[in-house]
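Residues per chain, in single letters:
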Amino acid sequence: MEAPQKNLYITTAIPYVNGTPHIGNAIDYLLADIWARYQKQQGHEVRFQVGTDEHGNKIAAKAAELGIDPQTYTNQQYVNFESLINKVGASATDFIRTTDPHHLAAVQYIWQKLAPYIYKGSYEGWYCVGHEAFFTDKEVQELGGICPDHQKPFEQLEEANYYLKTSSFTDQIRRAIETGEMQIVPEFRKKEFLELIKDGLQDVSISRPLKNLSWGVPVPGDPDQVMYVWLDALANYITVLGYPDKEGWQTYWPADVQVIGKDILRFHAGIWPAMLLGLGLQLPKQLLVHGHVIVGGAKMSKTVGNVVDPIEIVDTYGVDGFRYYFSRHIPTLDDGDFTWEKFENAFNGELGNDLGNLIQRVASMITRYQAGVIGDSEQAEHDMTLYHDAMTNLEFNRAIDEVWSMVRSLNQYIDNVKPWEVAKGLGKDPEAEPHLAEILAHCSGALLQIGDLLVPFMPTTATAIHDIFESGVVKMPEGVLFPKKYIHTPDPHAPKA
RNA sequence: CGCGGGGUGGAGCAGCCCGGUCAGCUCGUGUGGCUCAUAACCACAAGGUCGCAGGUUCAAAUCCUGCCCCCGCAACCA
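Residues numbered from 1 in each chain as written. Chains lettered and ligands numbered in written order. Predicted model: local features only at pLDDT ≥ 70, side-chain atom pairs only at ≥ 80, totals over all residues. Heavy atoms only, no water.

### Quick look at the pairing of strand E13 (residues 257-261)
Looking along a regular strand, one sees side chains alternate from face to face of the sheet.
And step 1. Burial runs high along E13: five of the five residues are buried.
And step 2. A two-sided burial pattern is seen for E13, the buried positions comprising Val257, Val259 and Gly261 on one face and Gln258 and Ile260 on the other.
And step 3. Of the strand pairs in this sheet, strand E1 (residues 7-12) and E13 are connected by three bridges, and their pairing is parallel. Residue pairing for E13: Thr12 is matched across the bridge by Val259.
And step 4. This β-α-β element, E13 to helix H11 (residues 265-279) to strand E14 (residues 286-290), shows right-handed connectivity. (Buried < 20%, exposed > 50% of the residue type's maximum accessible area, 1.4 Å probe, protein only. Helix = DSSP H or I, 4+ residues; strand = E, 2+ residues; numbered from the N terminus. Pairing = 2+ DSSP bridges. Right-handed = clockwise from strand over helix to strand, strands pointing away.)

### Quick notes on helix H13 (residues 319-328)
Each α-helix winds once per 3.6 residues, and so residues spaced three or four apart point in a common direction.
And step 1. In terms of residue burial, H13 counts as a mostly covered element, since nine of its ten residues are buried.
And step 2. Regarding H13, the residues found buried are Asp320, Gly321, Phe322, Arg323, Tyr324, Tyr325, Phe326, Ser327 and Arg328.

### Looking at the packing of aromatic side chains
And step 1. The tally for this structure, following the rule as stated, stands at 23 aromatic pairs.
And step 2. Ring geometry for Trp111 versus Tyr162: centroids 5.5 Å apart, planes at 90°, classification edge-to-face. Of this pair, Trp111 sits in helix H4 (residues 101-113) while Tyr162 sits in strand E8 (residues 155-164), and the two are 51 residues apart along the sequence. Both residues of the pair, Trp111 and Tyr162, count as buried.
And step 3. When the ring of Tyr324 is compared with that of Trp404, the centres are 4.8 Å apart and the planes differ by 50°; the resulting orientation is tilted. (Phe/Tyr/Trp six-rings, centres within 6.5 Å; stacked < 30°, edge-to-face > 60°.)

### Examining the protein's contact with RNA strand B
And step 1. Around RNA strand B, 48 residues are found, and the nearest of them are Gly24, Asp263, Asn357, Leu481 and His493.
And step 2. Among the atoms of RNA strand B close to the protein, meaning within 4 Å, 70% are from sugar or phosphate groups.
And step 3. Tyr228 places a polar side-chain atom, nitrogen or oxygen, 3.4 Å from a base oxygen of RNA strand B.
And step 4. Contact between RNA strand B and Lys299: a phosphate oxygen at 3.1 Å from a side-chain N or O atom of the residue.
And step 5. Looking at the surface near RNA strand B, the element that brings in the most residues is helix H14 (residues 340-370), giving eleven residues.
And step 6. Its residues placed into classes, the surface near RNA strand B shows 14 nonpolar, 16 polar and 18 charged. (Near = heavy atom within 4 Å. Polar contact = N/O pair within 3.5 Å; in protein donor to acceptor, adjacent residues only side chain to side chain. Nonpolar A, V, L, I, M, F, W, Y, C, P; charged D, E, K, R; others polar.)

### Remarks on the nonpolar core
And step 1. Ranked by internal contacts, the top residues of the largest apolar core, which has 94 residues, are Ile313, Phe326, Leu454 and Phe469.
And step 2. Counting residues per element, this core draws most heavily on H14, which supplies twelve residues.
And step 3. Excluding residues within four positions of it along the chain, Leu454 makes contact with Leu355, Ile400, Val403, Trp404, Pro459, Ala462 and Ile465. (Core = buried A, V, L, I, M, F, W, Y, C linked by side-chain atoms within 4.5 Å. Contact = heavy atoms within 4.5 Å.)

### A look at the pairing of E8
And step 1. By the bridge criterion, ten bridges tie strand E4 (residues 118-128) to E8 in an arrangement that is antiparallel. Across the sheet, the residue bridging to Tyr123 is Glu159, located in E8.
And step 2. Direction of pairing for E8 relative to strand E10 (residues 204-205): antiparallel, over a ladder of two bridges. In the sheet register, Leu164 faces E10, and the bridge partner there is Val204.

This is how it looks when you write it as structure tokens:
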């Protein structure tokens, strides 16, 4: 009856290694991890890619500033992302750095293979000599035509660039999106993108003159040109699997899900498919486009100073506290709001009171009334169609909602059957003992099922539940699960001032 | 007329595609119950012109038209 075991592949966007890891990266890792753990639980083999984008001028500049070479600099930097990945408990299998030798070689191979779709053109725009960089019309307009850093006017400059003919793939890509061959989730993002390309895709510039971009992959056959970000960075999704020369990449490509933020949809739904089509490869099956985390209704921004650090959340509330809030209260496919107060309310109320306390009361009754012996607990089998449908539709927040409705039901059940009343009959009423045993066995069975359903979301908690109830004898945990924290919300039990 | 999303009891949301069985859920508030439990849990109650104005229909939060307001994006910062 079991579905056949499959080899699945999920990817995350590779952040620019220059920055510090932020909440958006954490969301990427978390969503991909939830999916990966769910699929593994279903018996599938999953490869889960993460990585860092390590080329470009900003990196070269920063390295120069520090007096080290760029590679040394990125060697220091990429660990920040590795550490965030571990911090949020993401079970990634492959970490790619775009400075990996295999990647460099593979990208050059890809360039050559795409040669029929590459042509040399020129780019014209506003250039600042001081920055050695182009600025957009909008930027130049906002700055009044003068570079504030160098006090010099921007000038029109033309430079040689190679272009990828993404335009010639417009129809193919549009069709793939419309038919769902490459499914964009959620639906409204698909609409948005189709609308965006209604007049066709524009060819994209994929190289820079060496003098303007020193730190990057050399363009094969043209020593004066270096690859600009697109081919280099996007290719990671296949080079990490070993494309083109290492065995096994075919087993995992096309990707089943590629997790991206809404801000980079256009590249992943436009340039990336064009590259794949040019290479004669299949398109990814699904693009999971998540939203952004806003804080108290406002965009998160460094200048506003409302940036929330995922590391701080994990360090304060634990990895499962983090995973819980960001999987349930930040909608998988839309923007979501974070405030420390909301977070703490959810932590205390939903994890502490609803789930934590439920586990505690069941474990405690079994210990108190039956010396910890659970007896024959048949694993409860609630109908979890809604949960699985939600997981399949990549609406993880809805799936975990379902788990909480089970938690609620079990609390209600306990209040209905009143095991403590039944326990009063022990030793008097011969019916009492088996009746009580049956009730408590049901409770622990239900909790085990809840534990299973939580595996993708809160692996640590799932294991904890498992450990308490699985052996047939309750192992009371040392402490309580999810003890209350009152850091950002008032402690209701504190004496009033 | 650039594109997209949204306006539902104090807060946050679901329902809208496939009109009626829809006014639902969580939190908050009030009252009560219970004592196994992390002063937790359970029940009940108060509270809504479903943005505004028209229209279609036996019937509209749900379909159509117009308007108002909020948010995001507008090509290289998840």
